[in-house]
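These are the residues of each chain, in order.
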Amino acid sequence: MDLTPRQLQQDYSTEAICERLLQRHRKAVSVQKPHLAVANLSRIIQSTLKLSNRQGFHAMSLRELAGAAGLSMGGMYSYFDNKQTLLLMILDAVSSSANEVLGTPPPEMAADPALHLDWLIATHIQLTEVMQPWFVFVFMEAKAFPEPAKRIAIESEAATEAIFADALRRGVASGGFAIDDVPLTAAIIKPLLQDWYVKRAKYRKAGISAGQYAERVTSFVRAAIAPR
């Protein structure tokens, strides 16, 4: 899946993500008109991410959320039965989006471990640029998640690291990378990627674009794992 930044913007906009969420959670949503359901769920999700960023998901009440989204409480319950269901929907969106995008590299990239690694770094940064509020939510709220949600978040992070580890492992096998501990190296790359969306304001102030940040991270990682 070789998505350009524009394609990512379209395919992983809040509306596009909510449309896919509704398809996966259709039994839980009682609203029948698809266009209305997508529009309202988008408002609910956007309001959740904004309120959580301001005061934390745990402290946010459903009544506050309904007011921010411009819906009645009854309208809210047409989409989920409680806050944990809403939380699981958001986690589902983040996890499935990362797996969909990172798990399907273009064939020409997948065939070459070095190009695959470069693609993974650039694509992860591009995806989190488009879905920045979603990824920040998961990063900031993870410690307070109830056990089922925490397990999903941990599994999602492990899945992303496994995708990077696979490219690193193949690079070692081909002689292109020199790495003593592949899982640890994949785990070390992850914070470099997280820094982009968690500290987005810092890089915006410095005038650093997503493309520039991806190039710097790629150069840094490639230099660290190059054969001596």
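Everything numeric here is computed off the predicted structure, so don't read it as measured data. (Residues numbered from 1 in each chain as written. Predicted model: local features only at pLDDT ≥ 70, side-chain atom pairs only at ≥ 80, totals over all residues. Heavy atoms only, no water.)

Before going further, it helps to spend a moment on the overall build of the protein. In terms of regular secondary structure, the protein is built from 13 helices and zero strands. With respect to the three principal axes, the spread of C-alpha positions in the protein is 65 × 35 × 35 Å. Carbon and sulfur atoms form 56% of the exposed surface of the protein, whose accessible area is close to 11600 Å². When the 25 positive and 22 negative side-chain charges of the protein are each reduced to one mean point, those points stand 8 Å apart. (Helix = DSSP H or I, 4+ residues; strand = E, 2+ residues; numbered from the N terminus. Areas by Shrake-Rupley, 256 points an atom, 1.4 Å probe, with all protein chains shown as cover. Lys, Arg positive; Asp, Glu negative; His and termini not counted. Charge placed at Lys NZ, Arg CZ, Asp CG, Glu CD.)

This part is about the pattern of salt bridges. Pairs may arise between side chains of opposite charge once their charged atoms sit close together. Taken as a whole and judged by the stated rule, the model has six salt bridges. With a closest N to O distance of 3.1 Å, Arg24 and Asp92 form a salt bridge. With Arg24 in helix H2 (residues 14-24) and Asp92 in helix H6 (residues 83-102), the pair connects residues that are 68 residues apart, well separated along the chain. A salt bridge links Asp166 to Arg170; its shortest N-O distance comes to 3.5 Å. Pair noted here: Asp166 and Arg170 are both in helix H10 (residues 147-174), with a separation of four residues, about one helical turn. The class of Asp166 is partly exposed, set by a relative accessible area of 35%. (Salt bridge = Lys/Arg side-chain N within 4 Å of Asp/Glu carboxyl O. Buried < 20%, exposed > 50% of the residue type's maximum accessible area, 1.4 Å probe, protein only.)

Moving on: the nonpolar core. Ranked by internal contacts, the top residues of the largest apolar core, which has 45 residues, are Ile44, Leu65, Phe80, Met131 and Trp134. Counting only elements with at least two residues in this core, the list comes to H2, helix H3 (34-55), helix H4 (62-69), H6, helix H8 (113-130), helix H9 (132-141) and H10. With eight residues, the single largest contributor to this core is H6. Residues within four places of Ile44 in sequence aside, it is in contact with Leu65, Ala69, Leu71, Met76, Tyr79, Phe80 and Leu86. (Core = buried A, V, L, I, M, F, W, Y, C linked by side-chain atoms within 4.5 Å. Contact = heavy atoms within 4.5 Å.)

Per the UniProt record, the feature "DNA-binding region" (unreviewed entry) sits at residues 61-80. Across residues 61-80, helical content stands at 60% and strand content at 0%; the span's end C-alpha atoms are separated by 14 Å. (UniProt positions renumbered as here; feature names shortened; annotations may be inferred.)

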